[in-house]
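Structural overview
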Amino acid sequence: MNDATLSVGSLHAQPGTKARGTVQADLGTLTVDIPLTLVNGTRPGPRVVITAGVHGGEFTPIDAVVRLADRLDPREVHGQVIVCPVANPPAVYQGRLNISPVDGVNLNRVFPGDPAGGPTERLAAWLFAHLVDGADVYIDLHCGGIDQVLRDFVGYRLTGDPDLDKATAELAGSFGIEDVILGLKADGGNSHAAAARRGVAAVLVEVGSLGQRDEPTALRRVDGLLTALRHLGVLDQDGSAPAPIREWVWSAGVTAEAAGLWYPEFSLDADAYVIGELVEGDVLGRIVDPADGTEHTVHAPAGGRVFYGMHGLTVAPGAELAALAVPWDPDAVSRPDTLRTPGAGLGSDETAHRP
Ligand SMILES: [Zn+2]
């Protein structure tokens with residue numbers, strides 16, 4: 001029996017109950033209301049924290065976790081599930097961008113945050129102190145933003161702790177998403193990386209493109225979350241076998257070096273966005289200066305498959321144009337000379353993924 005009350009701030013759920021509400025987070029120059037659903041099972045089990053809305057303009061994750069929160073019955077839950085559909089209210093409600101309109105900071109670059117820092121750093125610290133630090137498992141949901149095409153994938157980071165890495169790998173493979181991309185180090189300010197450094201089994205789940213809010217994608221994502229919760233033992237098994245996965249490792253992230261108009265060369269189908277395989281040196285696209293027509297050709301710094309790419313026409317220096325991954329060969333990790341520098345050419349904090 002679980003007889004512990006589940007509490008986050010002023011919100012409490014007794015065993016066998018579900019509580020919905022908001023908890024106020026003080027960000028220094030402003031306060032924000034963080035919506036939460038607490039599902040406190042009657043039976044023992046892990047504590048699973050699920051967030052969406054770390055970025056604005058990523059609608060389907062928010063839709064999906066609200067549906068999941070509606071659906072979870074505390075009488076069926078082993079352990080506890082905390083669902084936070086809007087982790088970053090300023091970015092979600094005002095501006096719909098990856099950066100917060102409050103201070104221009106990307107929340108998913110500053111975890112685990114700083115309680116004495118700027119507003120977004122304080123928000124990161126609040127989310128860790130109130131949600132992630134008490135969790136056994138952390139699932140952060142994203143999708144391709146309004147300017148981004150994306151292939152579905154699950155991401156996680158290796159920490160060097162074999163038990164944690166094994167548990168996280170198995171979790172990553174439990175969503176029914178075929179492609180799992182791992183980062184070889186748990187560095188940087190991404191939510192799942194920072195959580196992994198704290199010993200939490202943490203994954204990034206990416207489903208959907210272009211900020212679309214289509215219901216089938218949301219439902220697919222709810223199904224994936226339910227499958228993962230069964231894998232974790234939070235919900236009873238239904239006897240289904242796990243779907244096969246393919247493991248990848250990031251090979252390159254490409255950012256714009258000039259402002260201008262982005263014309264990708266990798267194949268973009270208007271509906272399906274078929275993004276091809278590339279070899280090192282392939283032309284990824286061109287950035288054209290709208291004033292004088294100057295062209296900057298952008299090459300792939302490594303081969304691989306594009307897992308997400310810039311769809312927006314207008315880009316500024318530093319904008320992420322594409323991220324590539326190659327099939328993972330675990331043996332290559334022990335022979336670093338044979339593995340291209342992971343994350344070569346990537347932005348500072350990820351093995352490629354801004355999502
Ligand atoms: Zn995102």
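Every chain begins its residue count from 1, and numbering advances along the sequence as written. Side-chain atom pairs in this predicted model are given and counted only at pLDDT of 80 or more, local residue features only at pLDDT of at least 70, and totals for whole chains, interfaces and linings cover all residues. The basis for every side-chain value is the complete set of non-hydrogen atoms in the structure, without hydrogens or water.

1. Brief notes about the domain arrangement of the chain
Heads up, the condition is: Segment limits for the domains were obtained from an automatic or database-derived domain assignment. Throughout, a contact is declared for two residues whenever any of their heavy atoms are within 4.5 Å. A quick way to say it: buried area is the sum, across both parts, of accessible area lost when two parts are put together, with a 1.4 Å probe. Salt bridges are counted wherever a side-chain nitrogen of Lys or Arg sits within 4 Å of a carboxyl oxygen of Asp or Glu. Whenever a nitrogen or oxygen atom comes within 3.5 Å of another N or O atom, the pair is scored as a polar contact, on the condition that within protein one atom can donate a hydrogen and the other can accept it, and that pairs from neighbouring residues in sequence are kept only if both atoms are in side chains. We count a stretch as a helix when DSSP gives it H or I for four or more residues in a row; a strand needs E for two or more, and each element gets its number in order from the N terminus. Residue polarity follows a fixed list, in which Ala, Val, Leu, Ile, Met, Phe, Trp, Tyr, Cys and Pro are nonpolar, Asp, Glu, Lys and Arg are charged, and the others, Gly among them, are polar.
Partitioning the chain into structural domains gives domain 1 (6–231) and domain 2 (250–338). Of note, the centres of domain 1 and domain 2, computed from C-alpha atoms alone, are 27 Å apart. Across the boundary between the two partners, domain 1 contributes 14 residues, which contact 15 residues of domain 2. Between domain 1 and domain 2 lies a buried interface of about 1300 Å² when both sides are counted; carbon and sulfur atoms form 68% of it. The largest share of the area that domain 1 buries against domain 2 comes from Val 149, Arg 151 and Ile 181, three residues that together contribute 45% of it. Where domain 1 meets domain 2, there are 1 salt bridge. Of the charged contacts in the structure, one is a salt bridge between Glu 320 and Arg 109, with a shortest N-O distance of 4.0 Å. Counting across the interface, domain 1 meets domain 2 through 5 residue pairs in polar contact (both at pLDDT 80 or more). At the level of secondary structure, the elements contributing two or more residues to the side of domain 1 that touches domain 2 comprise β8 (148–150) and β10 (179–183). Class assignment of the residues belonging to the side of domain 1 that touches domain 2 gives a composition of 8 nonpolar, 1 polar and 5 charged.

2. Quick word on the pairing of strand β12 (residues 246–255)
As a reminder of what qualifies: Buried, partly exposed and exposed residues are distinguished by accessible area as a fraction of the type maximum, computed with a 1.4 Å probe on protein chains only: under 20%, between the cut-offs, and over 50%, respectively. A pair of strands is treated as paired once DSSP finds two or more bridges between them.
Most of β12 sits inside the fold, with 7 of its 10 residues counted as buried. Here 4 bridges tie β10 to β12, and the two strands are oriented parallel to one another. Following the sheet pairing, Leu 182 is matched in β12 by Val 249. In this sheet, strand β19 (residues 320–327) lies alongside β12 in antiparallel orientation, the contact comprising 7 bridges. Looking at β19, one finds that Trp 248 is bridged to Pro 327.

3. Structural notes on the packing of helix α1 (residues 59–71) against helix α6 (residues 215–231)
Cut-off, in case you're wondering: The axes used here are C-alpha line fits, helices contributing only the stretch in contact, and every angle between their N-to-C directions lies in the interval 0 to 180 degrees. Should an angle fall under 35 degrees it is taken as roughly parallel, and over 145 as roughly antiparallel, whereas 65 to 115 is taken as roughly perpendicular and any remaining angle as oblique. Note: crossing handedness is left-handed where the near helix turns anticlockwise from the far helix by less than a right angle, and right-handed where it turns clockwise.
Running from N to C, α1 and α6 point in directions that differ by 55°, and their axes come no closer than 8 Å. Put simply, α1 runs oblique to α6. Between α1 and α6 lies a crossing whose hand is right-handed. Where α1 abuts α6, its residues Thr 60, Pro 61, Asp 63, Ala 64, Val 65, Arg 67, Leu 68 and Arg 71 lie against Glu 215, Thr 217, Ala 218, Leu 219, Arg 221, Val 222, Leu 225, Leu 226 and Leu 229. Looking at the contact of α1 with α6 residue by residue, the classes come out as 10 nonpolar, 2 polar and 5 charged.

4. Section: the coordination of the zinc ion
Condition: Only nitrogen, oxygen and sulfur atoms count as donors, using a 2.8 Å cut-off from the metal that widens to 3.2 Å for Na, K and Ca. Water is left out, so coordination shells may look unfilled. Under the classification used here, a metal with four donors is tetrahedral if each angle lies between 85 and 135 degrees, square planar if opposite donors are over 155 degrees apart and the others between 65 and 115, a six-donor metal meeting that same test is octahedral, and anything else is irregular.
The zinc ion binds to the protein through His 55 (ND1), Glu 58 (OE), Glu 58 (OE) and His 142 (ND1); the donor distances cover 2.1 to 2.5 Å. For the zinc ion, the 4 donor atoms in the first shell make angles of 56 to 141° at the metal, a pattern classed as irregular. Within one chain, the residues serving as donors to the zinc ion are arranged as H-x2-E-x83-H. In this structure His 55 comes out as buried when scored by relative accessible area, which is 0%.

5. Quick notes on a nonpolar patch on the surface
Let me state the cut-off plainly: Candidate patch residues must exceed 30% relative accessible area and have no salt bridge, after which like charges are joined if within 9 Å and Val, Leu, Ile, Met, Phe, Trp or Tyr side chains if within 5 Å. A 1.4 Å probe and the Shrake-Rupley method give the accessible areas. Residues count as covered only by the protein chains that appear here.
Among the surface-exposed residues, Leu 97, Ile 99 and Ile 146 lie close enough to one another that they form a single nonpolar patch of about 250 Å² accessible area. Examined against the element boundaries, Leu 97 turns out to sit in the loop between α2 (89–93) and α3 (119–132).

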